[in-house]
Amino acid sequence: MNNPLINYLLHLADTTLILSHRNSEWCGHGPILEQDIALTNISLDLLGQARLFYQYAAQLINESKKAEGVKAPSPQGERVGDEVNEDTLAYLRTERQFKNLLLAEQPNSDWGQTILRQYLYSQFQQLLFQQLQHHNDEHIAAIATKSLKETNYHVRWSSEWVIRLGDGTAESKQRMLHAINELWCYTGEMFIAADYELHLNIDFNDINNRWTEKVNTVFAEAALILPSGGGGAVFMQTGGKTGTHTEHLGYILADLQYLQRAYPNSQW
Amino acid sequence: MVNTANISKELLLGILETVTDPEVPVLTINDLGILRDVQLKDDGSVEVFITPTYNGCPAMDMIATNIRLALAEHGIQNIKVTSVLSPAWTTDWMSEEGKRKLKEYGIAPPQYSSGHSRWPNDNVTCPHCNSQHTNLISEFGSTACKALYQCNDCQEPFDYFKCH
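Residues numbered from 1 in each chain as written. Chains lettered and ligands numbered in written order. Predicted model: local features only at pLDDT ≥ 70, side-chain atom pairs only at ≥ 80, totals over all residues. Heavy atoms only, no water.

A.B. asks: How would you explain the sheet that holds strand β2 (residues 46-50) of chain B if you had to name every residue and give the values?
C.D. replies: What links the strands of a sheet is backbone hydrogen bonding, and the strands pair in either a parallel or an antiparallel sense. Residue and element names in this part refer to chain B. The strand order across the open sheet built from 3 strands is β1-β2-β3, with neighbouring strands paired in mixed fashion. Every other strand in the sheet has two partners, leaving β1 (35-40) and β3 (79-83) as the edge strands with one partner each. If you compare each strand with its neighbour and ignore which way they point, the axes differ by 15° on average. Sheet topology places β2 next to β3; 5 bridges connect them, and they run parallel. Paired with Ile 50 across the bridge in β3 is Ser 83. On the sheet, helix α1 (residues 9-16) packs against β1 and β2 and is oriented at approximately 140° with respect to β1. (Pairing = 2+ DSSP bridges. Helix = DSSP H or I, 4+ residues; strand = E, 2+ residues; numbered from the N terminus. Axes fitted to C-alpha atoms, helices over the stretch in contact; angles between N-to-C directions. Contact = heavy atoms within 4.5 Å.)

A.B. asks: Can you break down the side chain of Thr 82 of chain B residue by residue, with the values?
C.D. replies: Residues and elements named next belong to chain B. You can see Thr 82 is positioned in strand β3. Among the polar contacts made by the side chain of Thr 82, one reaches the side chain of Glu 47 at a distance of 2.5 Å. In contact with Thr 82, not counting residues within four places along its chain, are Glu 47, Val 48, Phe 49 and Ile 50. (Polar contact = N/O pair within 3.5 Å; in protein donor to acceptor, adjacent residues only side chain to side chain.)

A.B. asks: Go over the pattern of salt bridges with me, naming the residues and quoting the values.
C.D. replies: Residue and element names in this part refer to chain A. Per the stated rule, a full pass over the model turns up 16 salt bridges over all chains. Here Glu 197 ties to Lys 241 by a salt bridge, and the two come within 2.9 Å at their closest N and O atoms. Pair noted here: Glu 197 is in the loop between α7 (170-183) and α8 (204-221) and Lys 241 is in the loop between α8 and α9 (248-262), with a separation of 44 residues, a long-range link. For the pair formed by Glu 197 and Lys 241, the shared burial category is buried. In this structure, Arg 210 engages Asp 206 in a salt bridge whose closest nitrogen and oxygen atoms are separated by 2.9 Å. Here the residue Arg 210 and the residue Asp 206 both occupy positions in helix α8, the gap between them amounting to 4 residues, near one helical turn. The exposure class of Asp 206 is partly exposed, given its relative accessible area of 27%. (Salt bridge = Lys/Arg side-chain N within 4 Å of Asp/Glu carboxyl O. Buried < 20%, exposed > 50% of the residue type's maximum accessible area, 1.4 Å probe, protein only.)

A.B. asks: Give a detailed account of the sheet that holds strand β6 (residues 146-151) of chain B, specifying residues and quantitative values.
C.D. replies: Residues and elements named next belong to chain B. Spatial ordering of the open sheet is given by β4-β7-β6-β5, a layout of 4 strands whose pairing is mixed. The open sheet is flanked by β4 (107-108) and β5 (134-138), the only strands paired with a single partner. Sheet analysis places β5 next to β6, joined by 4 bridges and oriented antiparallel. Its bridge partner being in β6, Thr 134 is matched across the sheet by Cys 151.

A.B. asks: Account for the interface of chain B and chain A, with residues named and values stated.
C.D. replies: Counting residues at the interface gives 25 residues for chain B, matched by 23 residues for chain A. The junction of chain B with chain A conceals about 2000 Å² of combined surface from both sides, 59% of it contributed by carbon and sulfur atoms. The largest contributions to the chain B side of the interface with chain A come from Asn 55, Leu 85 and Phe 140 of chain B, which together make up 38% of the buried area. At the boundary of chain B and chain A, one finds 1 salt bridge. Glu 139 of chain B is the partner of Arg 156 of chain A in a salt bridge, and the nearest nitrogen-oxygen pair spans 3.7 Å. (Buried area = accessible area lost by both parts, 1.4 Å probe.)

A.B. asks: Would you mind going over the pairing of β1 of chain B in detail, with residue names and values included?
C.D. replies: Moving residue by residue along a regular strand, the side chains alternate between the two faces of the sheet. Residues and elements named next belong to chain B. Where β1 lies against β2, 5 bridges are found, and the strand directions are antiparallel. Across the sheet, the residue bridging to Leu 40 is Val 46, located in β2. Turn length for the β1-β2 hairpin, with the two strands adjacent in sequence and antiparallel, is 5 residues, and the turn residue Gly 44 shows positive phi of about 90°.

A.B. asks: Tell me about unusual backbone geometry, and name the residues and values.
C.D. replies: The step from Ser 86 of chain B to Pro 87 of chain B runs through a cis peptide bond, and the omega angle for that step is -5°. By the secondary structure assignment, Pro 87 of chain B is in the loop between β3 and α3 (96-105). The phi torsion at Asn 201 of chain A lies on the positive side, around 60°, for a residue other than glycine. Positive phi outside glycine occurs at Asn 265 of chain A, with the angle close to 70°. Looking at the secondary structure, you find Asn 265 of chain A in the segment after α9.

A.B. asks: Kindly report on the domain arrangement of chain B, identifying the contributing residues and their values.
C.D. replies: Residue and element names in this part refer to chain B. Domains assigned within chain B are domain 1 (4-83) and domain 2 (91-161). Computed from C-alpha atoms alone, the centre-to-centre distance between domain 1 and domain 2 is 27 Å. Taken together, the contacts link 12 residues of domain 1 with 13 residues of domain 2. Area buried by domain 1 at its contact with domain 2 is led by Val 26, Asp 31 and Tyr 54, which between them contribute 42% of it. Taken together, domain 1 and domain 2 are joined by 1 salt bridge. The partner of Asp 31 in a salt bridge is Lys 101, and the shortest N-O contact between them spans 2.6 Å. Of the residues assigned to the side of domain 1 that touches domain 2, the class counts are 6 nonpolar, 3 polar and 3 charged. (Domains from an automatic or database assignment. Nonpolar A, V, L, I, M, F, W, Y, C, P; charged D, E, K, R; others polar.)

A.B. asks: Before we move on, can you summarise the packing of aromatic side chains with the specific residues and values?
C.D. replies: This model, assessed by the stated rule, comprises 14 aromatic pairs over all chains. With a centroid separation of 5.7 Å and an interplanar angle of 85°, the aromatic rings of Trp 111 of chain A and Trp 161 of chain A are classed as edge-to-face. Here Trp 111 of chain A, found in helix α5 (residues 111-132), pairs with Trp 161 of chain A, found in helix α6 (residues 138-166); they are 50 residues apart in sequence, far enough to count as distant. Taking the relative accessible area as the measure of exposure, Trp 111 of chain A reaches 10% and is therefore buried. Each ring, one from Tyr 54 of chain B and one from Trp 89 of chain B, has its centre 6.4 Å from the other, and the planes form 55°; the classification is tilted. Remark: Trp 89 of chain B occurs in the loop between β3 and α3 and Tyr 54 of chain B occurs in the loop between β2 and α2 (59-73); sequence separation between them is 35 residues. Tyr 54 of chain B sits in the buried class, given a relative accessible area of 5%. In textbook terms, an aromatic cluster arises when at least three aromatic residues are bridged by ring pairs, as seen for Trp 26, Trp 111, Tyr 153, Trp 157 and Trp 161 of chain A together with Phe 140 of chain B. (Phe/Tyr/Trp six-rings, centres within 6.5 Å; stacked < 30°, edge-to-face > 60°.)

Here's what the structure looks like:
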């Protein structure tokens, strides 16, 4: 199925699902109880967003299959002859079919790295949803409008932590600098349109400019330095949007999908 | 099975008024603004429209189940619960009665309109002693819709229902 809108919805759904999963791995392991709860709350928000995107994608996939009279399974996570739904899309697609950002699948190391990953993504998501809330597709606009309220909260929380850790102790600063080095090469992908994003009326340049400005402001307050001082060329890894992932995604999916793969159709 | 001819929208709303939020059991789905509409169809079926508070709120599935149960107790069985996203839910829809009940329950109700951008919200009133001398402990509380505060006067920690 080569419908750009469906692919884009899967990209949004996959990114929020995978980041939600990564954050949920902190459940019970956060540095203090309140922040453990904060991060799992963010996980829940992201999971809720993922569900809305998957549900809408499933609806469009089912409609287009009906219209085309497709009987054979297509690589969109359905069993033969079945309609797809949010669960089959999340549980029955393979690694190469996932379109999430590489940033989302990077493994948790320390708290600082988790915070930075969340901030870099939430800052992007906020600017993206600000655009999408005026999108000509009403359903996408509705999801973006609703989700933006949650995202604003995530940006505030994670940016405050970036500042606290960056401008904190020598140890916390060192860890944040390390996290920037680890994650920075996965940020470029957010602003490079995949083929399916080219005609969806998303202004990636505008998002990129605003994102850079916002991140620079927060980093300045956090006394953190961008790789190459924020200018110049830094190698950016791409591929997530089109299914070429780092080795980490497979392990997430093995964890996430095991139950449905081993016991098909089992219900909670 | 009841005679569907006797069912009116008012009756349905009266039944739905009794459905409460599983996380905040003093509030009905109407107090919270979750209940958007109910429609009685020509074939006797009933469609209830609800709006999620937060996208990932785990209470929503339970609320949908409780709606079905409440209606089923009155013999109404052909029920569809539809989730609507737009317009997006806001705490501005919470009724004054709902805010009063929240405070009585020990949760500080949202004090500003959703457009209020300042955070943390200043002068959140302690639901226990009414002091405004309170401070934010965590932006995220026991559920997505709440933040954790502490009162500097009576020392009690309390949940604050965030403006959303």
